[in-house]
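The lines below spell out each chain.
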Amino acid sequence: TQAFSTVVPRPATVTANPAVSYTVTASTPIYTWAGNAAAGAVGTYLAGILRPSTGFPLTVTTTSDANQSGGIALVLSGAPASVGANGYQLDVTAGGVVIRAQQPAGLFAGVQSLRQIMPPQIEARAVQAGPWVIPGGQMIDQPRYAYRAAMLDVARHFFTVDQVKRYIDQLALYKMNHLHLHLTDDQGWRIEIAGYPNLTGTGAGTSAGGWSGGYYTQAQFRDLVAYANSRYVTIVPEIDMPGHTNAALASHAPLNCDGVAPAPYTGTAVGFSSLCLTDPDTRPFVDEVIRQLAGMTTGPYLHIGGDEAHSTPHEQFLEFVTGAQQTVVKYGKTPVGWNEISASTLQPGAVLQYWNTPTSNASVAAAAAAGHGIIMSPANRAYIDLKHTATNVIGLTWAGITNVQRAYDWNPGATLENVPDSAIRGVEAALWTESVTSQQDVDYLAFPRLPALAELGWSPWSTHDWASFRTRLAAQGPRWDQMGIRYHHSTEIPWP
Ligand SMILES: CC1=[NH+][C@H]2[C@@H](O1)O[C@H](CO)[C@@H](O)[C@@H]2O
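Since this is a predicted model, take the numbers as computed values, not measurements.

What counts and how
- Residues numbered from 1 in each chain as written.
- Predicted model: local features only at pLDDT ≥ 70, side-chain atom pairs only at ≥ 80, totals over all residues.
- Heavy atoms only, no water.
- Core = buried A, V, L, I, M, F, W, Y, C linked by side-chain atoms within 4.5 Å.
- Buried < 20%, exposed > 50% of the residue type's maximum accessible area, 1.4 Å probe, protein only.
- Helix = DSSP H or I, 4+ residues; strand = E, 2+ residues; numbered from the N terminus.
- Contact = heavy atoms within 4.5 Å.
- Pairing = 2+ DSSP bridges.
- Axes fitted to C-alpha atoms, helices over the stretch in contact; angles between N-to-C directions.
- Salt bridge = Lys/Arg side-chain N within 4 Å of Asp/Glu carboxyl O.
- Disulfide = S-S within 2.5 Å.
- Phe/Tyr/Trp six-rings, centres within 6.5 Å; stacked < 30°, edge-to-face > 60°.
- Lys NZ or Arg CZ within 6 Å of the ring centre and 35° of its normal.

Turning our eyes to something else, we now look at the nonpolar core. Soluble globular proteins tend to pack their nonpolar side chains together in the buried interior. Counting residues in hydrophobic clusters, the biggest one holds 99 residues, and the most contacted among them are Y167 and L179. A per-element tally of this core places helix α6 (residues 282-296) first, with 7 residues. The residues touching Y167, leaving out its near neighbours within four places in the chain, are A150, L152, L179, I384, L431, V442, A446 and L450. With 42 residues, the next largest nonpolar core counts V42, L46, L58 and A172 among its residues.

Next up on the list: unusual backbone geometry. Across the junction of V8 and P9, the peptide omega takes the value -5°, indicating a cis bond. Tracing the backbone shows P9 in the segment before β1 (13-24). With an omega of 15°, the peptide bond between F447 and P448 qualifies as cis. Following the sequence through the fold, P448 ends up in the loop between α11 (439-446) and α12 (449-458).

On to the sheet that holds β1, then. On the basis of which strands lie adjacent, the open sheet formed by 7 strands has the order β1-β7-β5-β6-β4-β2-β3 and mixed pairing. Two strands lie at the open edges of the sheet, namely β1 and β3 (60-63), each paired on one side alone. The average undirected angle you get between the axes of adjacent strands in this sheet is 25°. Relative to strand β6 (residues 96-100), strand β5 (residues 88-93) runs antiparallel, the two sharing 5 bridges. For D91, the partnering residue across the bridge sits in β6 and is V98.

The subject of this paragraph is the pattern of salt bridges. Once their charged atoms are close, side chains differing in charge can pair, the charge on each being opposite to the other. Under the definition given, this model contains 13 salt bridges. Where D185 meets R156, a salt bridge forms, and the shortest distance between an N and an O atom there is 3.4 Å. Note that D185 is positioned in the loop between β9 (178-182) and α4 (218-230) and R156 in the loop between β8 (147-153) and α3 (161-173), a separation of 29 residues in sequence. In this structure, D185 and R156 share a single accessibility class: buried. A salt bridge links D169 to R231, with the shortest nitrogen-to-oxygen separation between them at 2.9 Å. With D169 in helix α3 and R231 in the loop between α4 and β10 (234-241), the pair connects residues that are 62 residues apart, well separated along the chain. Where salt bridges share partners, they join D153, R156, D185 and E434 into one cluster.

Our next topic: the state of the cysteines. Here the structure, examined in full by the defined rule, presents 1 disulfide. Two residues share a disulfide in this structure: C257 and C276, whose sulfurs sit 2.0 Å from each other. One quick way to see it: the torsion about the S-S bond of C257 and C276 is about 100°, and its sign makes the bridge right-handed. You can see C257 sitting in the loop between α5 (246-251) and α6 and its partner C276 sitting in the loop between α5 and α6, a full 19 residues away along the chain. Using a relative accessible area of 2% as the deciding quantity, one classes C276 as buried.

A complete count under the given rule lists 19 aromatic pairs for this structure. On the basis of an interplanar angle of 75° and a centroid distance of 6.1 Å, the ring pair of Y383 and W398 is categorised as edge-to-face. Linking Y383 in the loop between α9 (379-382) and α10 (404-408) with W398 in the loop between α9 and α10, this pair joins segments that are 15 residues apart in sequence. With a centroid separation of 5.1 Å and 65° between ring planes, the pair formed by F447 and W480 is classed as edge-to-face. Taken together, the residues F447 in the loop between α11 and α12 and W480 in helix α14 (residues 477-483) connect sequence positions 33 residues apart. Among the aromatic residues, ring-to-ring pairing joins Y174, F447, W480, Y487 and W495 into one connected group. In this arrangement the basic side chain of K175 is found over the ring face of W458, its NZ or CZ atom lying 5.5 Å from the centre.

As structure tokens, then:
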């Protein structure tokens, strides 16, 4: 039987009851809360996970009984107030499983914990022998931070809709609830913008290293947004500006100060490109891009980049970034930017993403003091594009080598001087793809560090403990084997 206390992220309170267990059988139903379609969808999602590996019907039916026994019950009643909108209470007794929440999002989170206390074979896509014994116990659980995210850079190398959906499913398993898509950079523009067809002509024609290009049509992007929403993941699209813009400049000559489009770029340098901020074509371009992207995005955030604008005159940079934030607000979204935008006139609600390595930054601290939220992605902790070990082939090294313990053993709420935990919105694991050209590369770099950052975003600091985490992480290995995730077998982890 899978141990009860192996869940990642660690639930806030976990009480194993080894005296009891519940076995899922061919007659086990899934009950969902009557009258709530979203709860029903969570039940159908759970059935989609359990049916292929058990071969059981696992019929989904409704109940109005907050103490429904005799199966796996997902109920929107009886959850303690402490779990809030995104938490849950999970009880496994001899009589069955009951997940209680205040909102469907909490049921979805509870389902992820339920998956992890079932045998690893539950994640197989072909029928397995069983038995499907679930150990007894109780969890009462809720997230520490509201923003628990991963970033996938689809500009340096392009990843298909299906590959991104697979990543979304992996994020959901670890209760991450935002996926930041880095859609544009020097090497590629990956989102269709009506009226500027060459952005996804020349702009999407190649990638770092000269590999094949690609892009999302607006319909495909909307499909990704809908898929993410069905996994309680919010897409955060990024148009990186005014630097990191060679793909746009190569696609649309008027955006260049001299009116001459540069060649597409397949290298991996940064900081050499800039939109021409004195050019009258730039503002309408930026306005149209933000307008269309906001129209495709159901989530509240639109990321305007702002990093490494080393080729942009500083005063022009400040004025541009202030204007870009105002445009995002005009189209109904909340602006997010890399921490360099803190020097601009931050718009109400604007959120900063901290990526630098120093533990102090006066401009960011001032922004936090003014009430702006901070997302923590310090490169020497949260950049899962860096190598795991010095001998790794793929991965970068500019901010060091990040093994699992370095990714895990830090407190996002107590990292930046004069930035209190109350200013921290959450954590984001950033996967840049200069050296990443395949699904396997993504798996190898993301696992096992992504779950480490997921635990930092979800679990209370009071339970933060490397010795406990490394043993719980070890129990995830057999699950990843079943899921076909080709993870890095870090020597820090006692894999079974
Ligand atoms: C915000 C930020 N800008 C740079 C930096 O992070 O490092 C990344 C590689 O780790 C690189 O791809 C990116 O363009």
